[in-house]
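# Architecture at a glance
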Amino acid sequence: MDLLNGGNAPATDLIKDGTEATFMADVVETSQETPVIVDFWAPWCGPCKTLGPMLEEAVTAAKGAVKMVKINVDEAQTIAAQMRIQSIPTVYAFFKGQPVDGFQGALPGSEIKAFVDRVIEAAGGESPGGQLDDAVQAAEEMLAEGAAADAAQTFAAILGEDPNHAAAYGGLVRAHIATGDLEQAEAILNGAPAEISTSAELEAAHAQLELAKQAADAGPVAELMAAVEADPDNHQARFDLAQALHANGNVEEAVAQLLELFRRDREWNEGAAKTQLFTIFDALKPNDPIVLNGRRKLSSMIFA
């Protein structure tokens, strides 16, 4: 255990302790082919003890696409001065002998992974994050084609590699919704890691789950339509009609009915129309024409 640096001693040649004497070979020359992340640290630096091990974990996960050199600034003051290191931890990424990216201070694990991915991709490599994103896209295509069980297996495999992958987590929830297993979908959603629990992907999955629950209790469209036509101010019937339309896949018409309900009585049932509209919008992609059009119409009524 490397107690001074707050982590395990380097286990592979991917990660090594550097010195002023080895800097040229370890960083400048090595980075001609493979990007090298340099962690400038010191034994007395508290945040370094946290950042170092997380950087090592991210570099190790990249399986050779990037390397890491740790430089103790107390023992490499000339290099620190040349690099204008003013505070630590400071991290630089080198490629082709030149700094290409960097940051100062401690970062959360997700941002460290993103930094490592960015460095690898800038050097023309394929990062672990990029590979997982490709797998998520493939799983999303399975889900769109109706192969929900296969999609669920793929999303679960991605989470085996990265338990905090928000897109995969949200996808796994939506895959179970697609199979009709709403209880399992809710259990998965409730068990989401705190780090991603408020992510857009999980918010969308939560919205889809709420809509799926509503669909199970939705009434017949024809009867509800007749009730609304008979009494346009029957707000409950119009609200129920919107739910029934959505349950039958007619999302655009459901939004239209909710907008009409909001126009007639925006405060009905504690603003239920607006709440339901936001639930539908959250369940769709932000650039979906139904969302863009619906938000525009809702805003025009709110600020009229």
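In short, a report on the structure. These figures come from a predicted structure and were not determined experimentally. (Residues numbered from 1 in each chain as written. Predicted model: local features only at pLDDT ≥ 70, side-chain atom pairs only at ≥ 80, totals over all residues. Heavy atoms only, no water.)

### A short note on the pairing of strand β2 (residues 36-41)
Counted residue by residue, β2 has six buried out of six residues, so it is predominantly covered. Alternating positions in β2 separate into two faces, Val-36, Val-38 and Phe-40 on one and Ile-37, Asp-39 and Trp-41 on the other, with burial throughout. Note: β2 against strand β3 (residues 67-72), six bridges, orientation parallel. Within β3, the residue paired with Ile-37 across the bridge is Met-68. Remark: the β2/helix α2 (residues 46-61)/β3 crossover connection has right-handed handedness. (Buried < 20%, exposed > 50% of the residue type's maximum accessible area, 1.4 Å probe, protein only. Helix = DSSP H or I, 4+ residues; strand = E, 2+ residues; numbered from the N terminus. Pairing = 2+ DSSP bridges. Right-handed = clockwise from strand over helix to strand, strands pointing away.)

### Side note on helix α11 (residues 235-247)
With 13 residues, α11 extends 18 Å from end C-alpha to end C-alpha; this agrees with the ideal 18 Å at 1.5 Å per step. Turning to α11, its buried residues number three or more, namely His-235, Ala-237, Arg-238, Phe-239, Leu-241, Ala-242, Gln-243, Ala-244, Leu-245 and His-246. Against the buried residues of α11 lie α9 (200-216), α10 (221-230), α12 (251-264) and α13 (272-283). Looking one or two places after α11, you find Gly-249, whose phi comes out positive at around 90°. (Expected span 1.5 Å × (residues − 1). Contact = heavy atoms within 4.5 Å.)

### Let's talk about empty space enclosed by the protein
Per the counting criterion, the structure on display carries one cavity of 30 Å³ or more. Of the volumes computed, that of the largest cavity is approximately 30 Å³. What lines the largest cavity is Leu-211, Gln-214, Ala-215, Gln-243, His-246, Ala-247 and Gln-276. Elements represented by at least two residues in the lining of the largest cavity include exactly α9 and α11. Here the residues of the lining of the largest cavity are counted per class, giving three nonpolar, four polar and no charged. (1 Å grid on protein atoms, 1.4 Å probe; cavity = no way out; pocket = protein on both sides within 12 Å on 5 of 7 lines; lining within 4 Å. Points joined across faces, edges and corners; volume = space filled by probe spheres on them. Nonpolar A, V, L, I, M, F, W, Y, C, P; charged D, E, K, R; others polar.)

### Let's talk about the side chain of Gln-214
Locating Gln-214 in the fold gives a position in helix α9. Reaching out from Gln-214, the side chain makes a polar contact with the side chain of Gln-243 at a distance of 3.3 Å. One polar contact links Gln-214 to Gln-276, side chain to side chain, over a distance of 2.6 Å. Setting aside residues no more than four positions away along its own chain, Gln-214 makes contact with Gln-243 and Gln-276. (Polar contact = N/O pair within 3.5 Å; in protein donor to acceptor, adjacent residues only side chain to side chain.)

### Observations concerning the packing of aromatic side chains
Considering all chains together, one arrives at five aromatic pairs under this definition. Taking 4.9 Å as the distance between ring centres and 85° as the angle between the ring planes, the aromatic pair formed by Phe-103 and Phe-115 counts as edge-to-face. Linking Phe-103 in strand β5 (residues 98-104) with Phe-115 in helix α4 (residues 109-122), this pair joins segments that are twelve residues apart in sequence. Exposure class is identical for Phe-103 and Phe-115. Each is buried. Judged by centre distance (6.4 Å) and plane angle (65°), the rings of Phe-278 and Phe-281 are edge-to-face. Of this pair, Phe-278 and Phe-281 both sit in helix α13, separated by three residues, roughly a single helical turn. Classification of Phe-281 as buried rests on a relative accessible area of 1%. (Phe/Tyr/Trp six-rings, centres within 6.5 Å; stacked < 30°, edge-to-face > 60°.)

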